[in-house]
Amino acid sequence: MTRIFLSLFLLFSSLSAALAQEEDVVWVQVEAHASLTVASDRIRTYSQDIQDVNGFTLGGGWYAVALGPYTRDDAETVLQVYRAERIIPRDSFIALSGSFGQQFWPVGANLLQPLQPAPSAVETETPAAVAEEEVTPEVVDETPREARASESRLNREERRELQSLLKWAGFYNSAIDGAFGRGTRASMSDWQAANGYEITGIMTTLQRAALTEQYNAVLKGMDLQIITEAEAGIELQLPMGVLNKANTEFPFVHYNASGDIDAQVLLISQAGDQTTLFGLYEIMQTLAIVPLEGPRERKKNSFVLIGEDGRMISHTEVSLKNGQIKGFTLAWPAGDEERRRRILGVMQKSFARLDRVLDSTAGSDAQQSIDLVSGLEVRKPRLSRSGFYVDGKGTVVTTAEVVSECTRITLDNDYDAELLGNDAASGIAVLRPKETLAPITVAQFRKGDPRLQSEIAVAGYSFGGVLGAPTLTFGTLEELQGLRGEQGVTRLALAPLAGDAGGPVFDTAGAVVGMLLPKPVGSAQQLPEDVSFAVVTPMVRDVLSKAGIVTATQSSNAALAPEDLTTQASGMTVLVSCWN
């Protein structure tokens, strides 16, 4: 009965509000959404129960659901009755027309357009057309008393949000507590002064809306929309103004950039347990979409990966609940931090799990490549060379070439290493793994010089680790010095590949007689392919000694069978990679 009475009351009060030009016209704003589709759906729902439902733009990609127009007294009645009957949210509030932009509901309506006075009898009898004078409506803001009254209707969360907005704008630097004390009032006054308003220390509804619009200005053009991926069981808001859905390849749904902003989003969905979650954590870190630099946090049932380089910032968060692993990755261009942070916050706040996960066969017909994981490029090192273990703790000798300008150095792609020594003159670098390793074999260095024209072999990752194991390249020892008589190097008749540099040079007994050097660069002479050089054992041992590393020697000259030499070399040789 109350609702019927109120509907009749509102019918007459709405007409009186429209006709009474001298009275303030206000609205009851009940909701705001960042999606036009969502706002329109909510309007249809409200219209089933109540009258005077309207939709207006708010700016910054937001859309308001509002009731009205009413006089202020009538609006107070609407708030009281509809809140009591739980028809509208308790945080609904009175808003002025100046808070709204273009009306999109009902279609074709324009209730914000001021009423024009009817033409006089004289004007209607004049045969000539009279041009109407264009009237620009003057936005009437609240008085300080009205502003304080509208402010009093803000709940604690809305008051905290207003302080957060003032802090974002640079006018407030105290606690976000929802209490409007002297500091908050001063910040309101400062904002009013900076934005050309009367300084009262009490922000009106219109001013609060203006501050909110300033805050949301960075999101203009982002077209934040609620996206429901039913097959993945994920719903969240995405900036569809800069994204297009690309494809689905288990366990990812791919959204790629649609314009100038090089953004990318992955939705992650798969069934699994903690082991699956931890495996995904490791795999994600091998992908180019997750740069190396940045914090990593893995918990019992979740993980967060943040990667950053000069090109982008990537944020991944994933969690395990009820046997379902779900999450997302947002990759955004570096240097656009305000917008990235805001969009990330929207995605985090709106992320919802639906009761479904991606089928493990999703995207199984996509083109396969060793460099791709589920359609994502696997991160590759800037440079990969070879090295070899020289003690039982996993200390490695390698070429200085591979450790230059690296943000990260790895051994066999799995173990991080740090630079223990780098002798630029000899081209020798020494690495220490960040965790203690137990090599299968360590180098035993030959005592004395090897024989000229004797057979030698180099172990190395010729193809940068593609084969997963080192290969042996055979040749002969041609000279115990360089082409110009340089000491400390030997000349080899050997045709290695670039990835072999840094690998150990063996004699037939399996003793290490040197370390292979990279091919010379920047020389005017083009040497034959089978001309290579190695730094001699005494120089390698000297660099290691300066780093505090004790090495082993071998005096036996008994030749090893080729298969035994291969086994010894495989256990000693390691892939060294430089990452940026």
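Computed from a predicted model, the values in this text were never measured in an experiment.

Tracing the backbone through its elements, the reader meets Lys 321 in strand 13 (residues 312-321). Separated by 49 residues in the primary sequence, Lys 321 and Gly 272 have C-alpha atoms spaced 9.4 Å apart.

Where helix 12 (residues 562-572) is concerned, the buried positions are Leu 565, Gln 568, Ala 569, Gly 571 and Met 572. Down the axis of helix 12, the sector holding all buried residues measures 165°, keeping them to one side. Exposed side of helix 12, more than 90 degrees from the buried face: Pro 562, Glu 563 and Thr 567 are the residues found there. Where the residues of helix 12 are buried, they touch strand 18 (383-389), strand 24 (455-460), strand 25 (471-479), strand 27 (504-507), strand 28 (512-516) and strand 31 (573-579).

In this section: the packing of aromatic side chains. Under the criterion given, the structure shown has nine aromatic pairs. A ring pair is formed by Phe 56 and Phe 100, whose centres lie 4.7 Å apart and whose planes are at 5°; its orientation type is stacked. One end of the pair, Phe 56, is in strand 2 (residues 53-59); the other, Phe 100, is in the loop between strand 4 (93-96) and strand 5 (103-105), and 44 residues separate them in sequence. For the pair shown, Phe 56 and Phe 100 are each scored as buried. When the ring of Trp 168 is compared with that of Tyr 215, the centres are 5.2 Å apart and the planes differ by 90°; the resulting orientation is edge-to-face. Pair noted here: Trp 168 is in helix 6 (residues 156-168) and Tyr 215 is in helix 8 (residues 205-216), with a separation of 47 residues, a long-range link. Judged by relative accessible area, Trp 168 falls into the partly exposed class, the value being 32%. When its relative accessible area of 21% is taken as the criterion, Tyr 215 is described as partly exposed. Ring-pair connections join several aromatic residues into one group, and the members of that group are Trp 27, Phe 56 and Phe 100. When the ring centre of Phe 180 is taken as origin, the NZ or CZ atom of Arg 159, which lies over that ring, is 4.0 Å away. In this structure, Arg 342 is placed above the aromatic ring of Tyr 215, and the distance from its NZ or CZ to the ring centre is 3.3 Å.

So, about the environment of Arg 385. Within the secondary structure, Arg 385 sits in strand 18. Each C-alpha atom of the pair Arg 385 and Ala 501 lies 5.8 Å from the other, and the pair is 116 residues apart in sequence. Filtering out sequence-adjacent residues up to four positions away, Arg 385 remains in contact with Thr 399, Glu 401, Val 402, Ala 498, Gly 499, Ala 501, Val 574, Leu 575 and Val 576.

Each regular strand shows side chains that alternate between the opposite faces of the sheet. The element strand 10 (residues 264-271) is extensively covered by neighbouring structure, given that six of its eight residues are classed as buried. Pairing of strand 9 (residues 252-257) with strand 10 involves five bridges; the strand directions are antiparallel. In the strand pairing of strand 10, Phe 252 is matched with Ile 268. Between strand 9 and strand 10, which pair antiparallel one after the other, the connecting turn spans six residues. Relative to strand 14 (residues 324-333), strand 10 is paired through eight bridges, and the arrangement is antiparallel. Within strand 14, the position partnered with Ala 271 by the bridge is Gln 324.

The rules behind the values
Residues numbered from 1 in each chain as written. Predicted model: local features only at pLDDT ≥ 70, side-chain atom pairs only at ≥ 80, totals over all residues. Heavy atoms only, no water. Helix = DSSP H or I, 4+ residues; strand = E, 2+ residues; numbered from the N terminus. Buried < 20%, exposed > 50% of the residue type's maximum accessible area, 1.4 Å probe, protein only. Arc of directions from axis to C-beta. Contact = heavy atoms within 4.5 Å. Phe/Tyr/Trp six-rings, centres within 6.5 Å; stacked < 30°, edge-to-face > 60°. Lys NZ or Arg CZ within 6 Å of the ring centre and 35° of its normal. Pairing = 2+ DSSP bridges.

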